[in-house]
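If you want the building blocks of each chain, they are given just below.
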Amino acid sequence: MEVLHRHCAGLDIHKDTVVACVRHMVDGTVTREVKTFKTTTRELMALPEWLSAEGCTDVAMEATGIYWRPVWHILAGGEFAMVLANAASVKNVPGRKTDVNDATWLADLMAHGLIRGSFVPDEPTQDMRDFLPTRKQFVRQRSSSIQRVQKTLEDASIKLDPVISDIIGVSGRAMIEALIQGERDPDKLAALAHRRIKASPAELEAALRGRLTDHHRFMLRLHLQHIDAIDVAIAEIDREVEANLEPFRTAITLLITIPGISELSARTVMAEIGADMNRFPTHGHLISWSGLCPRNDESAGKRRSNRMRKGAPWLNTTLVQCASAAGRTKASYLQALFQRLRTRRGARKAIGAVAASILTAVYHMLKDGTCYHDPGPQHFDRRAKTAQTKRLLLSLQNLGFAVQISPLAA
């Protein structure tokens, strides 16, 4: 195979060590130098010096957990062309796996240009990638704590959940805190409900009559304290995100015009893909990178699995939620797309297609700086007007009607 990089290196990164292999190609002869470095900052500072002394120009490394980031930060600002490889795409031959062999294998792949670099965002985007997934995890922990509050109330025979939509809302929180303080009278507890609550006083009184022990009060107090701590953490993350939002503010203003995308969803999308679309040649490359397209799995002329492959998990989750909301947005192109595909392929695949359509619109809006233009719910009918006419005529004929049609005057 053709050698594209005559002086390159492969790094096999671990928690405590980095094995570096420098590959030289001089006059048709291949020579290699291997050296191991510790992952402390002082040891890692010696890595670029050694690579420069060896005359290395290109460096490849695997995306190994979080351990590749310190090495990348030290080498990225230097004289080397950096490539971050997906570990699943550069697997070594089974049975020949050692740290030295892995580094040598990466160097060989790099020399022949067989490594496809992964997307490494810039520093502001990396910061947003840390903030928003952490916020999502806190929201999930908060939901789990609310379920534990509900479980404790059920154990105490207090049926608050069927009569109140949010058990830690204004009314539910007041009742639970009164229960923790020792209040037992169901009438007094029901009187704490907000006047606009839908449940009647009799329903509340029946739901609040139970057997609450000191153990239940302790658990309820513990869960409410945890929920309050999570709320404080989420508020701090929101303030930090707002303070660092300036590079993405214009793009977010564009994205929220798409049906189904909220302010928070737009921030999450920007944190995952960044604002610069020049790194993706086409919208198809972006959809493929995100994992929102069917995989290629063909053997002996047969198509096997066409399920979506694993892509960016936080981006996929957010886009699927946006697609679900867009599928319920009335008089929109995305709702028409969802309804059109759901009848033939099912709801899950239809939502995936709507998510891919949203990401396509995001790509062109960020690349061209244009606003979202909705083609409208009649887009597919206008595109295939003749076929739509034949289908409607056939339906009427099947019902036993003979129909003659003529076009209306302009």
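Refer to the structure above for everything that follows.
About the thresholds
Residues numbered from 1 in each chain as written. Predicted model: local features only at pLDDT ≥ 70, side-chain atom pairs only at ≥ 80, totals over all residues. Heavy atoms only, no water. Helix = DSSP H or I, 4+ residues; strand = E, 2+ residues; numbered from the N terminus. Rg over C-alpha atoms; globule rule 2.2 N^0.38 Å. Contact = heavy atoms within 4.5 Å. Areas by Shrake-Rupley, 256 points an atom, 1.4 Å probe, with all protein chains shown as cover. Lys, Arg positive; Asp, Glu negative; His and termini not counted. Charge placed at Lys NZ, Arg CZ, Asp CG, Glu CD. Pairing = 2+ DSSP bridges. Axes fitted to C-alpha atoms, helices over the stretch in contact; angles between N-to-C directions. Salt bridge = Lys/Arg side-chain N within 4 Å of Asp/Glu carboxyl O. Parallel < 35°, antiparallel > 145°, perpendicular 65-115°, else oblique. Nonpolar A, V, L, I, M, F, W, Y, C, P; charged D, E, K, R; others polar. Buried < 20%, exposed > 50% of the residue type's maximum accessible area, 1.4 Å probe, protein only. Polar contact = N/O pair within 3.5 Å; in protein donor to acceptor, adjacent residues only side chain to side chain. Patch = residues over 30% accessible without salt bridge, like charges linked within 9 Å, V, L, I, M, F, W, Y side chains within 5 Å. Disulfide = S-S within 2.5 Å. Left-handed = near helix turned anticlockwise from the far one by under 90°. Core = buried A, V, L, I, M, F, W, Y, C linked by side-chain atoms within 4.5 Å.

## Comments concerning the overall build of the protein chain
- The number of helices and strands found in the protein chain is 16 helices and seven strands.
- Taking 410 residues into account, the globule formula puts the C-alpha radius of gyration at 22 Å, and the protein chain, at 29 Å, lies well above it.
- With the C-alpha coordinates of the protein chain rotated into their principal frame, the extents come out at 90 × 80 × 45 Å.
- Expressed as a percentage of contacts within the protein chain between residues at least 6 apart in sequence, the contacts between residues at least 24 apart total 61%.
- When the accessible surface of the protein chain is totalled, it reaches about 23,800 Å², and 52% of it is carbon and sulfur.
- Where the 55 positive side-chain charges of the protein chain centre and where its 44 negative ones centre are 10 Å apart.

## Some points on the sheet that holds strand β4 (residues 58-62)
- Pairing is mixed across the open sheet formed by five strands, whose spatial order is β3-β2-β1-β4-β5. Two strands bound the open sheet, and with one partner strand each, they are β3 (29-38) and β5 (81-85). Looking at each pair of strands side by side, their axes are set apart by 20° on average, direction ignored.
- One ladder, built from four bridges, connects strand β1 (residues 7-13) with β4; its direction is parallel. In the sheet register, glycine 10 faces β4, and the bridge partner there is alanine 60.
- Each of β1, β2 (17-26), β3 and β4 touches helix α1 (residues 41-53); the most contacted strand, β3, lies at about 165° to it.

## Overview of the pattern of salt bridges
- Tallied over the full model, the rule gives 14 salt bridges.
- Where aspartate 238 meets arginine 135, a salt bridge forms, and the shortest distance between an N and an O atom there is 2.7 Å. A residue pair is termed long-range when its members are at least 10 positions apart, and aspartate 238 in helix α8 (residues 214-243) and arginine 135 in helix α4 (residues 123-155) qualify at 103 residues.
- Residue arginine 142 is joined to aspartate 231 by a salt bridge in which the shortest nitrogen-to-oxygen separation is 2.6 Å.

## Brief notes about the packing of helix α12 (residues 313-326) against helix α14 (residues 347-368)
- Taken N-terminus to C-terminus, the directions of α12 and α14 make an angle of 105°; their axes are 8 Å apart at the nearest point. Classified by the angle between their axes, α12 and α14 sit roughly perpendicular to one another. Of the residues in α14, those touching α12 at Leu319, Val320, Cys322, Ala323, Ser324 and Ala326 are Ile351, Val354, Ala355, Ile358 and Leu359.
- Tallied by class, residues from the contact of α12 with α14 come to 10 nonpolar, one polar and no charged.

## Description of the side chain of arginine 129
- Mapped onto the elements, arginine 129 comes out in helix α4.
- Although arginine 129 is buried, it forms no salt bridge, and the closest oppositely charged side chain is glutamate 272 at an N-O distance of 4.0 Å.
- Look past the residues within four positions of arginine 129 in its chain and what remains in contact with it is Phe119, Pro121, Ala271, Glu272 and Trp289.

## Some remarks on the environment of threonine 152
- Considering the arrangement of structural elements, one finds threonine 152 in helix α4.
- According to the relative accessible area criterion, threonine 152 is buried, its value standing at 10%.
- In this structure, the C-alpha to C-alpha distance between threonine 152 and arginine 217, residues 65 residues apart in sequence, is 8.9 Å.
- Contacts of threonine 152, omitting those with residues within four sequence positions, involve His216, Met219, Leu220 and His223.
- In this structure the side chain of threonine 152 is engaged in a polar contact, spanning 2.9 Å, whose partner is the backbone oxygen of arginine 148.

## Overview of a negative patch on the surface
- Side chains of Asp122, Glu123, Asp127, Asp130, Glu240 and Asp276 sit close together on the surface and give a patch of like negative charge.
- Overall, aspartate 122 belongs to the partly exposed group, its relative accessible area being 41%.

## A word on the state of the cysteines
- Using the criterion set out here, one finds zero disulfides in the structure.
- Looking at cysteine 21, it has no disulfide partner, and the nearest cysteine sulfur is the one in cysteine 8, 8.3 Å off.
- The exposure class of cysteine 21 is buried, given its relative accessible area of 0%.

## Quick word on the packing of α1 against helix α2 (residues 68-76)
- At their nearest, the axes of α1 and α2 sit 10 Å apart, and the two run at 50° to each other. Between α1 and α2, the angle is such that the two are oblique. Seen from above, α1 lies across α2 with right-handed handedness. Between α1, through Leu44, Met45, Leu47, Pro48 and Leu51, and α2, the contact on the second element is made entirely by Pro70, Val71, Ile74 and Leu75.
- Across the contact of α1 with α2, the residue classes tally to nine nonpolar, no polar and no charged.

## A few points about the nonpolar core
- Counting 50 residues, the largest nonpolar core has Leu255, Ile258, Ile358 and Val362 as the members making the most contacts within it.
- Among the elements of the structure, α4, α8, α9 (249-255), α10 (263-273), α11 (283-290), α12, α13 (333-345) and α14 are those that each provide at least two residues to this core.
- The greatest single-element share of this core, amounting to 12 residues, is contributed by α14.
- Other than its neighbours up to four places away in sequence, valine 362 contacts Leu255, Ile258, Ile261, Val269 and Ile273.
- Among the nonpolar cores identified, the runner-up in size contains 24 residues, and Ile146, Ile158, Ile176 and Leu204 belong to it.

## A look at the side chain of serine 290
- With respect to the element layout, serine 290 can be found in helix α11.
- Look past the residues within four positions of serine 290 in its chain and what remains in contact with it is Gly311, Ala312, Leu315, Asn316 and Leu359.

## Details of a positive patch on the surface
- A contiguous patch of positive charge, built from Arg116, Arg295, Arg307, Arg309, Lys310 and Arg348, is present on the exposed surface.
- Its relative accessible area of 81% is what places lysine 310 among the exposed residues.

On their own, these measurements won't tell you what the molecule is for.
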